[in-house]
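# Coordinate inspection notes
The residues making up each chain are set out below.
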Amino acid sequence: MSDWQHGFYKLAAEERRQRLAKARQLSMDDTTVLANTSSDLGDELVENYLTDYSLPEGVALNLTVNDKPYVVPMVIEEPSVIAAASNGAHRVSRSGGFTAPHQQRLLVGQVVLDQVTDVDKTVAWLNSQQDRILAIANEAHPSMQKRGGGAKTMTVRTPGDFISIDLGIDVCQAMGANSVNTMAEAVGNWLSDQGYHVIVAILSNLATQSLQTAKCEIAFANLATAEMAGAEVAHRIARLSDLAQVDPFRAATHNKGIMNGIDAVMIASGNDWRAIESGAHAYATRDGHYRGLSTWTVEGDHLRGEISLPLPVGVVGGSIGLNKMTKLNYKISGIKSAEELAAVTASVGLAQNLAALRALTTTGIQAGHMKLQYRSLAASVGASPAEIPLVVAQLKKEKHVDQALARQVLAAIRKDGADE
Ligand code: MEV
């Protein structure tokens, strides 16, 4: 390890930035950027903290879930995502909105035994100890039980030659990963004391007991484009959805589009979006074949959409109460409970998916994407906020747009400005 890295974590944030700047030959301007975007909270949250890395936040509009209108904060750098979510949400709202029932929410705490000599006998013994095991889990986190939550169920599975004891834990309104880990470890320690070889005790992100469904029905008229009738659009969307059920190559992209929306809501609401991502993709393979998380079918004169995925979200815990922006985002959305957040998040995922499939089956994705991309392209070649609309207007007239062209256009605009 280089000398400058020694004890780096112990330094004050400002000293860290100075030391790094020297080692990596950063300029004064670079270190000013790092210092200007730093925060005391960030320094509390992560090790070796330098600064806060910012991402754009916007709101998805026109979303109706369970007859309630929502404005949903989304944090994402991809230019077209919030526009697409709002577009999909608006089409669905005009046909009555999304239905997303509040569903059971249990997290899974997994305690796994290895090197078991008699699997059947051990499984039978574990099942006979269920009440005791649940009590041990609950004693490790008494406050959870006081709030009406705690370890509620126990299931024993035998993946390969392992035995997995899956605890179903109600974490109330919290994200709850730490609580689940505490409870799983307590059970793991007890089983170790009984002479078992515990290989792991940890939350499982495949939260099959926190599934959330959202559904919608869209009248054909709300799908039409200038060039294509709504019925034709609906049939094309349904076929593209069929493809995502049989072809993992398409399913991965289909689901990426859904997760564009879901991740953006997760980040804005302070949830662990990596947990949600891993659970979603594991769930997409639940029958051994990777499939789209949503399906679209034509029924009568409607297109019907449905999505189901694990959404073990929380509205308290983690950095939610600490981050000012996160707190403000709950004020903006008006979301008060984990159940409500899960319902809204699944609906945003389905809205996002609808907008992507509609674009793909009609004009193609690039038309809409590129218009939004032009702004970031203009910014990436150094256009100022005042110059960006001028560069974008020019790029819209061009057939093949890339960074080199954006640079040329900007240079021409500046030259024209200087000549005047
Ligand atoms: C791009 O970020 C997402 C899409 O590729 C999703 C899809 O193809 O369904 C447009």
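Everything below is about the structure shown above.
Residues numbered from 1 in each chain as written. Predicted model: local features only at pLDDT ≥ 70, side-chain atom pairs only at ≥ 80, totals over all residues. Heavy atoms only, no water.

Here we come to the nonpolar core. Formed by 59 residues in total, the largest nonpolar core has its most connected members in Leu63, Met74, Leu293, Trp296 and Leu309. At ten residues, helix H13 (residues 338–361) tops the list of elements feeding residues into this core. The contact partners of Leu309, leaving out residues within four places of it in the chain, are Ser210, Leu211, Gln212, Met259, Ile262, Ala280, Tyr283, Leu293 and Ala346. Core analysis: the next-biggest nonpolar cluster, separate from the first, contains 29 residues, Leu113, Ile136, Met154 and Leu203 among them. (Core = buried A, V, L, I, M, F, W, Y, C linked by side-chain atoms within 4.5 Å. Buried < 20%, exposed > 50% of the residue type's maximum accessible area, 1.4 Å probe, protein only. Helix = DSSP H or I, 4+ residues; strand = E, 2+ residues; numbered from the N terminus. Contact = heavy atoms within 4.5 Å.)

Contacts to the ligand come from Glu78, Arg250, Thr253, His254, Lys256, Gly257, Asn260, Ala356, Leu357, Leu360 and Ile365. At a separation of 2.7 Å, an oxygen atom of the ligand approaches a polar side-chain atom of Arg250. In this structure, Lys256 approaches the ligand through a side-chain N or O atom, which is 2.7 Å from an oxygen atom. For the ligand, whose free accessible area comes to 300 Å², the fraction covered by protein is 87%. Of all the elements in the fold, those that place two or more residues in the shell around the ligand are helix H10 (248–268) and H13. At six residues, the largest contribution of residues to the shell around the ligand is made by H10. Partitioning the shell around the ligand into residue classes produces four nonpolar, four polar and three charged. (Near = heavy atom within 4 Å. Polar contact = N/O pair within 3.5 Å; in protein donor to acceptor, adjacent residues only side chain to side chain. Areas by Shrake-Rupley, 256 points an atom, 1.4 Å probe, with all protein chains shown as cover. Nonpolar A, V, L, I, M, F, W, Y, C, P; charged D, E, K, R; others polar.)

Right, let's talk about the sheet that holds strand S8 (residues 294–299) for a bit. Read across the open sheet, the three strands follow the order S7-S9-S8; overall the sheet is antiparallel. For this open sheet the edge positions go to strand S7 (211–219) and S8, each flanked by a neighbour on one side alone. Direction aside, neighbouring strands of the sheet carry axes that sit 15° apart on average. Summarising the sheet, S7 and strand S9 (residues 302–310) pair through nine bridges and their orientation is antiparallel. By the bridge assignment for S9, Lys215 is matched with Glu306. Relative to S8, helix H9 (residues 230–246) is tilted by about 145°, and along the sheet it contacts S8 and S9. Packing of helix H11 (residues 273–284) onto the sheet brings it into contact with S7 and S9, and relative to S9 it is tilted by some 115°. (Pairing = 2+ DSSP bridges. Axes fitted to C-alpha atoms, helices over the stretch in contact; angles between N-to-C directions.)

This part takes up the packing of H9 against H13. Packed helix pairs are specified by the crossing angle of their axes together with the interaxial distance, meaning the distance between the axes. Interaxial distance between H9 and H13 falls to 9 Å at its minimum, and their mutual angle equals 110°. With respect to each other, H9 and H13 are oriented roughly perpendicular. On the side of H9, the interface is formed by Val233, Arg236, Ile237 and Leu240, while H13 contributes Leu354, Leu357, Arg358, Leu360 and Thr361. Residue composition of the contact of H9 with H13, by class: six nonpolar, one polar and two charged. (Parallel < 35°, antiparallel > 145°, perpendicular 65-115°, else oblique.)

Take the side chain of Gln110 next. Positionally, Gln110 belongs in strand S3 (residues 107–114). With sequence-adjacent residues up to four places away left out, Gln110 is seen in contact with Arg157, Ser164, Ile165, Asp166, Ala184, Val200, Ala201, Ile202 and Ser204.

Considered for burial, the residues of helix H1 (residues 13–23) that qualify are Ala13, Arg16, Arg17, Leu20 and Ala21. Each buried residue of H1 lies within a common arc of 130° when the element is viewed along its axis, so the set occupies one face. Against the buried residues of H1 lie helix H2 (28–36) and helix H3 (40–45). Following H1 by one or two positions, Gln25 has its phi on the positive side, about 50°. (Arc of directions from axis to C-beta.)

This next bit is on the sheet that holds strand S6 (residues 197–204). In spatial order, the strands read S4-S5-S3-S6; together these four strands make up an open sheet with antiparallel pairing. Of all strands in the sheet, those with a lone pairing partner are strand S4 (150–157) and S6, marking the two edges. Ignoring strand direction, the axes of neighbouring strands in this sheet form an average angle of 20°. Note that S3 and S6 share seven bridges and pair antiparallel. The residue of S6 that forms the bridge with Asp114 is His197. Of the strands in this sheet, S4 and strand S5 (163–170) touch helix H6 (residues 130–139), which is tilted by about 135° from S4.

Note that all results are geometric; they support no functional claim without further evidence.
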